[in-house]
Amino acid sequence: VISACGKGAQWEKALEIFDELQQRGLEPDIITYSALISACEKGGQWEKALDIFDELQHRGLEPTIITYSALISACEKGGQWEKALDIFDELQQRG
């Protein structure tokens, strides 16, 4: 559902659904976080995407190449090319 919201440029709705899932006691996995970052990317919300990325790492989840790709794209679309390069460098260091 979060992915569908992202494809429809409904990033705010994706965040609502994400919050609702957590309120119901469901733990989001890396796929859910990646879909949420992607929804933010499509909505031009690069700062929110970074916040979500920080949150998933704080929860001990391991970002995937899909997660990094969505985050880099969000930064690029937000005109944050230096941040996008920093994230790319982090990805390369992780192997």
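In what follows, the structure referred to is the one given above.
Definitions and cut-offs
Residues numbered from 1 in each chain as written. Predicted model: local features only at pLDDT ≥ 70, side-chain atom pairs only at ≥ 80, totals over all residues. Heavy atoms only, no water. Salt bridge = Lys/Arg side-chain N within 4 Å of Asp/Glu carboxyl O. Buried < 20%, exposed > 50% of the residue type's maximum accessible area, 1.4 Å probe, protein only. Helix = DSSP H or I, 4+ residues; strand = E, 2+ residues; numbered from the N terminus. Polar contact = N/O pair within 3.5 Å; in protein donor to acceptor, adjacent residues only side chain to side chain. Contact = heavy atoms within 4.5 Å.

Colleague: I tried to follow the pattern of salt bridges on my own but got confused; where do I start?
Modeller: Note that side chains of opposite charge can pair when their charged atoms are close. What the rule picks out here adds up to 8 salt bridges. When the shortest N-O distance is used, the salt bridge between Glu55 and Arg59 registers 3.5 Å. Overall, Glu55 belongs to the partly exposed group, its relative accessible area being 30%. When the shortest N-O distance is used, the salt bridge between Arg94 and Glu90 registers 3.7 Å. Taken together, the residues Arg94 and Glu90, both in helix H6 (residues 81-94) and 4 residues apart, mark about one turn of the helix.

Colleague: Looking at this structure, how should I read the side chain of Ser34?
Modeller: Mapped onto the elements of the fold, Ser34 is located in helix H3 (residues 30-42). Judged by its relative accessible area of 8%, Ser34 is buried. Separated by 2.5 Å, the side chains of Ser34 and Thr67 make a polar contact. Setting aside residues up to four positions removed in sequence, Ser34 forms contacts with Thr64, Ile66, Thr67 and Ala70.

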